[in-house]
Structure formats: structure tokens, C-alpha cells
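Coordinate analysis (summary)
Here's the letter readout for the chains.
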Amino acid sequence: DVKVTQSSRYLVKRTGEKVFLECVQDMDHENMFWYRQDPGLGLRLIYFSYDVKMKEKGDIPEGYSVSREKKERFSLILESASTNQTSMYLCASSQRTPSINQPQHFGDGTRLSIL
Amino acid sequence: AQTVTQSQPEMSVQEAETVTLSCTYDTSENNYYLFWYKQPPSRQMILVIRQEAYKQQNATENRFSVNFQKAAKSFSLKISDSQLGDTAMYFCAFMKRGREKLTFGTGTRLTIIP
């Protein structure tokens, strides 16, 4: 089974801090994704990476950056955290061309609170 | 761009009853996939059921089935004999075939009442 591991389930940080959210997958997937989940808004794509050092902006990239130095690891970075970034963050991975049987596999999520 | 709409933010049903969650989508594509994902409280999002757009037959997975109406762009999820473990957020999602990205709806919070 695919395992997508997010480093923290819960995280509390202060306004202005630099925050790193880490995600690791163990299935040699080419694609990795970061989503933000908010009530009433569903999942919104922040960034997508289709290979090492390659990235593409999603729907809401403002205030975020990403890093993918190794194939298995995809990091989301909040350069200067703000209270409106308090949210649930989900990481996902998939094969280069997802099939209907394996669209995306998700991690458990990180609930981030910015005080 | 694709959009996915789930018009029921919350639903609740008695255990053992049948419940239907609605989903509509908008796309100009002809070749795509549709999915229902389940997110139990504080747990991982998992894929429940999938449907290929060019297949007219509705997908079924045990107690879960879909009613796919391509012309109406509707993709509802039916849960039969509902169980307490079905309590979760349910997300409808769209993927263009051959592409990587999923477009999600806003979700329906389903509560199964004992």
C-alpha cells in the first residue's frame, strides 16, 4: 500500500514565523501535491510537483512556496506565517499519469494553527 | 476550467437507512474520471468509488453505488444500509483523463445516527 506521511498531525506557530510542512511518500511517485482544506471550501490546490525540482502553481499559491529536492519528499513553506493560513494541509502523491484506480493517495493531514 | 458542486453541506440519516449525496460538475471535456472520496473524522482521505465518463454503467462498490448522468453532468453517491463507520466528510472530485490534477467539490458532512 502507498504510504504518504506528513511529519506533524498538529502544529502551532506564531505570526511571522517561517513554517515548514514535510511530506514523504514511499511509492516512487512522480507527482506530489499540497492542498489546503477549509470548511465550506473543500480542498484547494496550493502547489503541484511533477518531478524533482519541478513545480507548478495551483489555485492558491500566494504566501506559500515549495521544495522538492528528492523524489520522495515534498515540502510546503510558509515564508512568514499569517493567521489566515490557519488551516488543514493535506499532501498527496500519484504516478506520473494517474489511472482511474490510483488517482491520488493522501496523507493524514497537518492541522496548522497560526497565533 | 472544471468546477464541481456539492449542494448539501451537511446530511444526517439513521443507521441502516439509505442516503444519497449529490454532486454536479461542469466541464467541456469528454474524457474524464469522477471520484468520491471519504474523509473520516481525524483520519486519512480514502477513495470510495470511481467512474469513467465513457462507461454508461454505474459503478458499484459493496454498499456504495453511483448514479452517473453524463448529459446532466451529475454524479451522485448512494450509500445503502448505512453504518456508523460511514460518518465522514465526502468529497466529489473530477479528473481529466491523462492529467494529474483533481478538482474537488466543497464536501458533504454525513452523520449516521445510531
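Everything below is about the structure shown above.
Read on for a plain summary of the structure. What you see is a predicted model, and the numbers here were worked out from it, not measured in a lab.

**Notes on the overall build of chain A**
Along its length, chain A carries zero helices and 11 strands. Starting at the N terminus and ending at the C terminus, chain A contains elements arranged as β-β-β-β-β-β-β-β-β-β-β. Relative to the compact-globule value of 13 Å for 115 residues, chain A shows a C-alpha radius of gyration of 13 Å, a close match. In chain A, which comprises 115 residues, the share counted as buried stands at 50%. As displayed, chain A has an accessible area near 5,500 Å², and 48% of this comes from carbon and sulfur atoms. The average position of the 16 basic charges and that of the 15 acidic charges among the side chains of chain A differ by 4 Å.

**Concerning the sheet that holds strand E8 (residues 73-78) of chain A**
Residue and element names in this part refer to chain A. Here four strands make up an open sheet; going across it, the order is E1-E3-E8-E7 and the pairing antiparallel. At either end of the open sheet lies a strand with only one pairing partner, and these are strand E1 (4-6) and strand E7 (64-70). Averaged over all pairs of adjacent strands, the angle between strand axes in this sheet comes to 20 degrees, irrespective of strand direction. Examined bridge by bridge, strand E3 (residues 19-25) and E8 share six bridges and lie antiparallel to one another. Across the sheet, residue Glu22 finds its bridge partner in E8, namely Ser75.

**Considering the state of the cysteines**
Summed over all chains, the structure comprises two disulfides over all chains. For Cys23(A), the disulfide goes to Cys91(A), at an S-S distance of 1.9 Å. With the S-S dihedral at roughly -80 degrees, the linkage between Cys23(A) and Cys91(A) falls on the left-handed side. Separated by 68 residues along the polypeptide, Cys23(A) in strand E3 and Cys91(A) in strand E9 (residues 87-94) bring together distant segments of the chain. Exposure remark for Cys91(A): the relative accessible area of 0% places this residue in the buried category. In this model Cys23(B) forms its disulfide with Cys92(B); the gap between the sulfur atoms is 2.0 Å. On the sign convention where negative is left-handed, the bridge of Cys23(B) and Cys92(B), at about -70 degrees about the S-S bond, is left-handed. Of this pair, Cys23(B) sits in the loop between strand E3 (19-21) and strand E4 (24-26) while Cys92(B) sits in strand E10 (residues 88-96); the two residues are 69 residues apart in sequence, bridging distant segments of the chain. Cys92(B) shares its class with Cys23(B); the two are buried.

**Digging into the nonpolar core**
Residues and elements named next belong to chain B. Core analysis: the biggest nonpolar cluster contains 25 residues, and Tyr25, Trp36, Ile49, Phe75, Leu77, Tyr90 and Leu110 have the highest contact counts within it. With four residues, E10 is the single largest residue contributor to this core. The residues touching Ile49, leaving out its near neighbours within four places in the chain, are Leu34, Phe35, Trp36, Ala59, Thr60, Glu61, Phe64, Ser65, Val66 and Leu77.

**Re unusual backbone geometry**
Even without a glycine there, the phi angle at Asp28(A) is positive, about 60 degrees. Inspection of the secondary structure assignment puts Asp28(A) in the loop between E3 and strand E4 (31-38). According to the relative accessible area criterion, Asp28(A) is exposed, its value standing at 52%. We note that Asp81(B) has phi near 50 degrees; this positive angle belongs to a residue other than glycine. Its location among the elements puts Asp81(B) in the loop between strand E9 (74-79) and E10.

**Comments concerning the pattern of salt bridges**
Residue and element names in this part refer to chain A. According to the stated counting rule, one finds 15 salt bridges over all chains in the structure shown. Among the ionic pairs, Lys71 bridges to Glu30, the shortest N-O distance being 3.7 Å. On the criterion of sequence distance, the pair formed by Lys71 in the loop between E7 and E8 and Glu30 in the loop between E3 and E4 is long-range, its members being 41 residues apart. For Lys71, a relative accessible area of 26% gives the class partly exposed. Between Asp38 and Arg36 there is a salt bridge, and its shortest N-O distance comes to 2.8 Å.

Criteria and thresholds
- Residues numbered from 1 in each chain as written.
- Chains lettered and ligands numbered in written order.
- Predicted model: local features only at pLDDT ≥ 70, side-chain atom pairs only at ≥ 80, totals over all residues.
- Heavy atoms only, no water.
- Helix = DSSP H or I, 4+ residues; strand = E, 2+ residues; numbered from the N terminus.
- Rg over C-alpha atoms; globule rule 2.2 N^0.38 Å.
- Buried < 20%, exposed > 50% of the residue type's maximum accessible area, 1.4 Å probe, protein only.
- Areas by Shrake-Rupley, 256 points an atom, 1.4 Å probe, with all protein chains shown as cover.
- Lys, Arg positive; Asp, Glu negative; His and termini not counted.
- Charge placed at Lys NZ, Arg CZ, Asp CG, Glu CD.
- Pairing = 2+ DSSP bridges.
- Axes fitted to C-alpha atoms, helices over the stretch in contact; angles between N-to-C directions.
- Disulfide = S-S within 2.5 Å.
- Core = buried A, V, L, I, M, F, W, Y, C linked by side-chain atoms within 4.5 Å.
- Contact = heavy atoms within 4.5 Å.
- Salt bridge = Lys/Arg side-chain N within 4 Å of Asp/Glu carboxyl O.

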